[in-house]
Amino acid sequence: MADRVDVADVRELLTAIRESLTAPRHASYEYAEASKQLLVDRAAAVRGVLTSFIKHRGEADLLKEARILRELVAENAPVTYPVREAEVPVPVDLADDEPAGGDR
């Protein structure tokens, strides 16, 4: 029988993964490589956390894994290049899949 998992905890881990894999666009072409490397480094952090989660499946704490992922990204894969000023993320309410603050 499968272990029960709190949906809110799963959502938190998935949100941390999405945040980790969302990198701002570089301000100019000269920073394209730095932008690509950032995604490679962040994908490695996600893979490490997911591997740990799978390995310790019965004992894993999803909220702890989400916190660890955010810490890994902040410490090891921060944005180090200039980003486009016009890039403003649109908040999304995961409950209804519509952009917050307006119609589609």
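Residues numbered from 1 in each chain as written. Predicted model: local features only at pLDDT ≥ 70, side-chain atom pairs only at ≥ 80, totals over all residues. Heavy atoms only, no water.

Visitor: Explanation requested: the side chain of Ser 35 in the structure shown.
Guide: Structurally, the position occupied by Ser 35 is in helix H2 (residues 32-55). Overall, Ser 35 belongs to the buried group, its relative accessible area being 10%. Ser 35 has contacts with Pro 24, His 26 and Tyr 81, leaving out every residue within four places of it along the chain. (Helix = DSSP H or I, 4+ residues; strand = E, 2+ residues; numbered from the N terminus. Buried < 20%, exposed > 50% of the residue type's maximum accessible area, 1.4 Å probe, protein only. Contact = heavy atoms within 4.5 Å.)

Visitor: How should H2 be read in this particular structure?
Guide: Since one α-helical turn is 3.6 residues long, residues separated by three or four positions face the same way. With 24 residues, H2 ought to run about 34 Å at 1.5 Å a step, and its terminal C-alpha atoms sit 35 Å apart, in line with that. Restricting attention to buried positions, one finds in H2 the residues Ala 32, Ser 35, Leu 38, Arg 42, Ala 45, Val 46 and Val 49. Its buried side turned inward, H2 meets helix H1 (7-20) and helix H3 (62-76). (Expected span 1.5 Å × (residues − 1).)

Visitor: I would appreciate a short explanation of the packing of H1 against H2 in the present structure.
Guide: Angle between the axes and distance between the axes are the two parameters that describe a pair of packed helices. Their axes nearest at 9 Å, the elements H1 and H2 cross at an angle of 160 degrees. When the axes of H1 and H2 are compared, the pair comes out roughly antiparallel. For the pair formed by H1 and H2, the contact residues are Ile 17, Glu 19 and Ser 20 on the first element and Arg 42, Val 46 and Leu 50 on the second. For the contact of H1 with H2, the per-class residue count stands at three nonpolar, one polar and two charged. (Axes fitted to C-alpha atoms, helices over the stretch in contact; angles between N-to-C directions. Parallel < 35°, antiparallel > 145°, perpendicular 65-115°, else oblique. Nonpolar A, V, L, I, M, F, W, Y, C, P; charged D, E, K, R; others polar.)

Visitor: Please explain the pattern of salt bridges as it appears in this structure.
Guide: Between side chains of opposite charge, pairing is possible as soon as their charged atoms come close. Counted under the stated rule, the structure contains four salt bridges. Among the salt bridges present, the one from Glu 71 reaches Arg 67, with a minimum N-O distance of 3.1 Å. In this pair, Glu 71 and Arg 67 are both assigned in helix H3, four residues apart and thus about one turn of the helix distant. What makes Glu 71 partly exposed here is its relative accessible area of 35%. Put simply, Glu 12, Glu 19 and Arg 70 are held in one network by salt bridges that share partners. (Salt bridge = Lys/Arg side-chain N within 4 Å of Asp/Glu carboxyl O.)

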